[in-house]
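Here is what each chain is made of, one letter per residue.
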Protein chains: 2
Amino acid sequence: MNNSSIEAVLAHIDANIDASRARWFDLLRIPSISAQAAHKGDCIRAAEHMRDLLAGMGFEARLAETAGLPGVIATHHHAGGNAPRVLFYGHYDVQPADPIGLWHADPFDPQLVDGPGGPRVVARGAVDDKGQVMMVLEAIRAHLAVNEGLPVNLTVLLEGEEECGSPSLDAMLEAERAALAADFVLVADTNMWNRDTPAITTSLRGLAAVEVKITGPNRDLHSGLFGGPALNPIRALTRILGDLFDATGRIAIPGFYDGIAEIPADVLASWRATGFDEAGWLGGIGLQQASGEHGFSVLEQNWARPTAEINGIFGGYQGDGSKTVIPAEAGAKLTFRLVPGQDPARVIDGFRAFVQQRLLPDAQAQFQVYGASPGLMVPIDAPFVRAARRALADEFGKAPVLAGCGASIPVVEAFERQLGLQTLLVGFGLDDDCIHSPNEKFEMKCFHRGMRAEARMLAAFGMAE
Amino acid sequence: MNNSSIEAVLAHIDANIDASRARWFDLLRIPSISAQAAHKGDCIRAAEHMRDLLAGMGFEARLAETAGLPGVIATHHHAGGNAPRVLFYGHYDVQPADPIGLWHADPFDPQLVDGPGGPRVVARGAVDDKGQVMMVLEAIRAHLAVNEGLPVNLTVLLEGEEECGSPSLDAMLEAERAALAADFVLVADTNMWNRDTPAITTSLRGLAAVEVKITGPNRDLHSGLFGGPALNPIRALTRILGDLFDATGRIAIPGFYDGIAEIPADVLASWRATGFDEAGWLGGIGLQQASGEHGFSVLEQNWARPTAEINGIFGGYQGDGSKTVIPAEAGAKLTFRLVPGQDPARVIDGFRAFVQQRLLPDAQAQFQVYGASPGLMVPIDAPFVRAARRALADEFGKAPVLAGCGASIPVVEAFERQLGLQTLLVGFGLDDDCIHSPNEKFEMKCFHRGMRAEARMLAAFGMAE
């Protein structure tokens with residue numbers, strides 16, 4: 001595809017934006033709330049709507065039945081054997097609209113209203129993920145209208161259970177392995193760096209979750225009649241957890257940092273170039289200092305360094321006032337956020353050993369592991385990432401931020417685990433879009449430039465070596 | 001009083017034990033459960049019963065009205081100005097009988113049944129405290145019958161709310177200060193060392209109760225999106241509490257041990273002479289090693305050394321599974337058991353400073369104090385203690401154990417605080433008497449020897465220099 005051709009696609013997008021918005025509104029009007037059984041029919045209706053919409057665009061489209069709500073799988077494989085295979089993933093389900101009373105209008109009657117950033121569409125799912133999905137599909141539609149074809153062999157996968165924990169996703173990926181074969185996954189479910197700056201999320205932290213329970217006496221004891229000689233499991237627990245960090249904020253579990261790669265220099269440079277406002281970010285959550293490892297910036301601590309968080313702690317009496325008890329047990333729930341190079345199983349084993357080595361006499365530890373997944377990083381010099389960086393720079397006049405994400409995105413981990421595929425995360429939401437909250441919005445400027453950027457990316461993928 | 005006279009009193013006790021038991025049963029038949037409003041009338045009936053019984057013995061007896069259930073105050077002040085003034089304290093109320101289904105008979109229909117230690121009386125209040133009260137009153141009755149007088153000027157105070165936290169006691173002690181004037185308090189509400197060995201409880205630990213709450217971020221945060229740079233209050237809390245004990249089990253708060261006196265050599269010798277079974281005591285609560293300060297025995301750790309116990313800890317998610325949250329706050333409830341010489345206010349202040357000095361940046365600590373009372377010790381060479389030791393040795397053929405108690409006894413603290421009086425704690429219960437539990441019992445042998453020992457103690461008080 002040459003430059004004049006992409007310019008024609010972009011011009012088509014610009015000229016047809018009202019029609020694009022109308023099709024987007026059609027989808028927003030279907031209250032496809034996957035978490036609520038009363039909306040099961042609406043979810044199926046949304047799946048059928050998307051199947052028919054894709055079929056109307058020339059895709060081979062079908063529902064992929066699951067134990068829960070169906071997926072939609074649609075293929076457009078006419079770009080030839082040398083063109084890359086792209087799997088576009090999105091989801092057609094939305095969060096519940098509660099609390100309804102805080103919405104300014106019916107959450108399923110999309111409104112075009114003015115805001116500080118220009119016109120915006122307000123509805124449940126405006127951005128997450130119906131808006132971002134329609135943005136990609138409208139970019140595809142423009143390619144098809146102008147060129148009667150696509151620069152890549154494209155498969156579309158739309159999930160119907162993303163907002164309720166993706167209970168059927170693993171089974172669907174396994175069952176549809178052949179249909180979903182691709183070179184990489186494209187996801188549009190993340191945010192821009194800011195209104196004027198695009199972002200590619202190139203790393204996600206993994207997660208290892210474990211609960212430890214410390215037992216001691218064979219029953220709750222009176223802390224006067226037994227206190228002193230009787231082991232207190234809360235003491236045993238806090239003694240261990242109090243050792244978890246050293247004075248520089250490093251996690252003291254031996255081997256915890258083994259295998260972690262340096263952050264690539266150009267990624268670090270990209271982060272530094274953002275001019276990220278550390279004080280503002282910390283101030284927004286009521287803090288003044290970064291609490292993680294000394295010597296790393298806020299972004300590095302959150303995006304590129306592993307953590308140990310005690311998410312919950314419990315033991316003994318928690319009601320009003322005081323109770324003179326030595327409890328029979330105490331426990332804590334921890335999650336470790338992991339970065340590429342760390343082995344989740346080794347992290348869990350290291351924590352177990354750390355606890356066992358610090359147990360007071362007569363204390364016993366029991367462990368419950370709630371899951372372990374590795375950190376993921378997309379090589380920023382992979383052809384599809386280079387193509388996306390180029391396309392985004394062309395559209396926005398500046399390089400995208402190569403962002404990390406401190407959290408995990410389970411579908412990305414599932415694509416890696418089930419299909420062996422890396423995922424390109426590019427999205428055009430903004431941090432203040434109120435996803436999952438009342439008055440969710442997607443700004444028209446973001447939708448519009450998002451369509452254009454997606455069209456450019458599709459073209460760039462097709463030209464990638 | 002000479003030896004032949006006390007022998008006559010003892011002989012009277014032996015000869016009239018059936019009548020003593022019958023009067024004890026009369027009291028046990030009144031279900032004076034102070035915690036249950038439905039039994040308010042029974043409690044008042046028990047108070048009137050005791051008033052009338054004491055009046056029948058020659059006391060000036062009356063009810064002492066309170067905001068709750070009445071006390072009974074009775075005086076027998078005919079021993080002359082040189083005789084010591086003794087305030088005998090007991091309580092006429094009892095614990096609820098629940099769970100009723102586990103009793104072998106009606107808890108308020110006392111039964112005389114055989115057991116491994118000989119005949120026993122089974123009823124709610126058999127020992128706690130109706131049995132022990134009647135044991136003392138029957139010893140007094142024997143003195144009056146044989147000698148037509150008492151060796152001391154005696155005031156009896158019976159409380160009706162001991163089993164529900166003594167809400168009116170402080171006000172009653174203050175209102176009746178003149179009526180209750182005495183040289184010391186005698187209480188019969190504790191246990192023997194074992195069936196053959198009497199005990200005097202000469203020390204009680206005090207209590208300082210405090211809650212600490214650590215706050216950090218201004219709201220609960222997602223531990224992926226914020227973890228690393230965001231302060232976790234559970235981390236801040238466990239870091240502090242993990243420092244609370246050093247490697248030898250000592251409490252690391254500066255000045256915590258200031259002012260503690262050495263345990264008197266003869267008290268220590270008395271404890272060592274008990275042959276206390278440390279392994280058996282620890283095994284009974286599922287433990288093998290004493291958890292307190294190294295270098296102290298189990299008895300010393302529980303009776304004579306202060307403790308810091310974390311009675312409860314809380315923060316973040318405590319439900320099933322895992323939740324990726326950094327909570328906005330976390331907290332712990334602690335009690336310090338104190339021994340004589342420690343200043344409760346200084347202990348609380350020391351803990352505050354200990355916490356403040358270890359707070360991570362941006363963490364804030366709030367404290368709530370739930371009370372602070374000092375440890376108490378009765379000087380074992382006080383005349384009334386020496387008299388009791390002599391009397392108990394005469395009755396049992398061996399010296400009493402000078403025991404400590406790891407817990408606090410609020411009435412003892414109230415006598416000290418309100419009336420400036422020290423308390424002699426001598427009782428004849430056994431550890432397996434099931435107080436507060438179904439099938440509470442008092443063994444006839446304990447009741448009988450208890451009456452004899454109380455008679456000897458009264459005589460010995462009268463002869464004390």
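Residues numbered from 1 in each chain as written. Chains lettered and ligands numbered in written order. Predicted model: local features only at pLDDT ≥ 70, side-chain atom pairs only at ≥ 80, totals over all residues. Heavy atoms only, no water.

- Identification of chain A as Acetylornithine deacetylase/Succinyl-diaminopimelate desuccinylase from Acidiphilium rubrum is taken from an unreviewed UniProt entry.

**Side note on the overall build of chain A**
Item 1. What chain A contains, in helices and strands, is 13 helices and 18 strands.
Item 2. Relative to a compact globule of 465 residues, whose C-alpha radius of gyration would be 23 Å, chain A shows 25 Å and is just as compact.
Item 3. Across the 465 residues that make up chain A, the buried fraction comes to 59%.
Item 4. Across chain A, contacts joining residues at least 24 apart in sequence account for 79% of those joining residues at least 6 apart.
Item 5. With 38 positive and 57 negative side-chain charges, chain A shows a spacing of 3 Å between the two charge centroids. (Helix = DSSP H or I, 4+ residues; strand = E, 2+ residues; numbered from the N terminus. Rg over C-alpha atoms; globule rule 2.2 N^0.38 Å. Buried < 20%, exposed > 50% of the residue type's maximum accessible area, 1.4 Å probe, protein only. Contact = heavy atoms within 4.5 Å. Lys, Arg positive; Asp, Glu negative; His and termini not counted. Charge placed at Lys NZ, Arg CZ, Asp CG, Glu CD.)

**A look at the packing of aromatic side chains**
For any two aromatic rings, the description comes down to two numbers: the centre-to-centre distance and the angle of the planes.
Item 1. Summed over the entire model, instances satisfying the criterion amount to 33 aromatic pairs over all chains.
Item 2. With a centroid separation of 5.8 Å and an interplanar angle of 50 degrees, the aromatic rings of Phe256(B) and Phe336(B) are classed as tilted. Taken together, the residues Phe256(B) in the loop between α6 (233-241) and α7 (265-273) and Phe336(B) in strand β13 (residues 329-338) connect sequence positions 80 residues apart.
Item 3. Assessed through its relative accessible area of 3%, Phe256(B) is described here as buried.
Item 4. The class for Phe336(B) is buried, based on a relative accessible area of 0%.
Item 5. The rings of Trp193(A), Trp271(A), Phe276(A), Trp281(A), Trp303(A) and Phe226(B) are connected pair by pair, giving a single aromatic cluster.
Item 6. Its guanidinium or amino end placed over the ring of Phe354(A), Arg358(A) lies 3.7 Å from that ring's centre, counting from NZ or CZ.
Item 7. Just above the ring of Tyr257(B) sits the side chain of Arg250(B); from NZ or CZ to the centre is 4.0 Å. (Phe/Tyr/Trp six-rings, centres within 6.5 Å; stacked < 30°, edge-to-face > 60°. Lys NZ or Arg CZ within 6 Å of the ring centre and 35° of its normal.)

**A short note on the interface of chain B and chain A**
Item 1. Opposite the 72 residues of chain B that make contact, chain A presents 72 residues.
Item 2. Each partner contributes to the roughly 5,400 Å² buried at the junction of chain B and chain A, and carbon and sulfur atoms together form 55% of this total.
Item 3. There are 0 salt bridges connecting chain B and chain A.
Item 4. Taken together, the links from chain B to chain A amount to 45 residue pairs in polar contact (both at pLDDT 80 or more).
Item 5. The element that contributes the greatest number of residues to the side of chain B that touches chain A is strand β11 (residues 307-316) of chain B, accounting for 9 residues.
Item 6. Among the residues forming the side of chain B that touches chain A, the class breakdown is 29 nonpolar, 32 polar and 11 charged.
Item 7. Direction of pairing for strand β11 (residues 307-316) of chain A relative to β11(B): antiparallel, over a ladder of 5 bridges. The residue of β11(B) that forms the bridge with Gly315(A) is Ile313(B). (Buried area = accessible area lost by both parts, 1.4 Å probe. Salt bridge = Lys/Arg side-chain N within 4 Å of Asp/Glu carboxyl O. Polar contact = N/O pair within 3.5 Å; in protein donor to acceptor, adjacent residues only side chain to side chain. Nonpolar A, V, L, I, M, F, W, Y, C, P; charged D, E, K, R; others polar. Pairing = 2+ DSSP bridges.)

**Considering the sheet that holds strand β18 (residues 441-443) of chain A**
Residue and element names in this part refer to chain A.
Item 1. Read from one edge of the open sheet, 3 strands run β4-β5-β18, paired in antiparallel fashion. Each edge of the open sheet carries a strand with a single partner, namely β4 (111-115) and β18. Adjacent strand axes in the sheet meet at a mean angle of 35 degrees, parallel and antiparallel pairs treated alike.
Item 2. Relative to β18, strand β5 (residues 118-122) runs antiparallel, the two sharing 3 bridges. Paired with Arg-120 across the bridge in β18 is Glu-443.
Item 3. Here helix α13 (residues 444-463) sits on the sheet and contacts β4, β5 and β18; the angle it forms with β18, its principal contact strand, is near 60 degrees. (Axes fitted to C-alpha atoms, helices over the stretch in contact; angles between N-to-C directions.)

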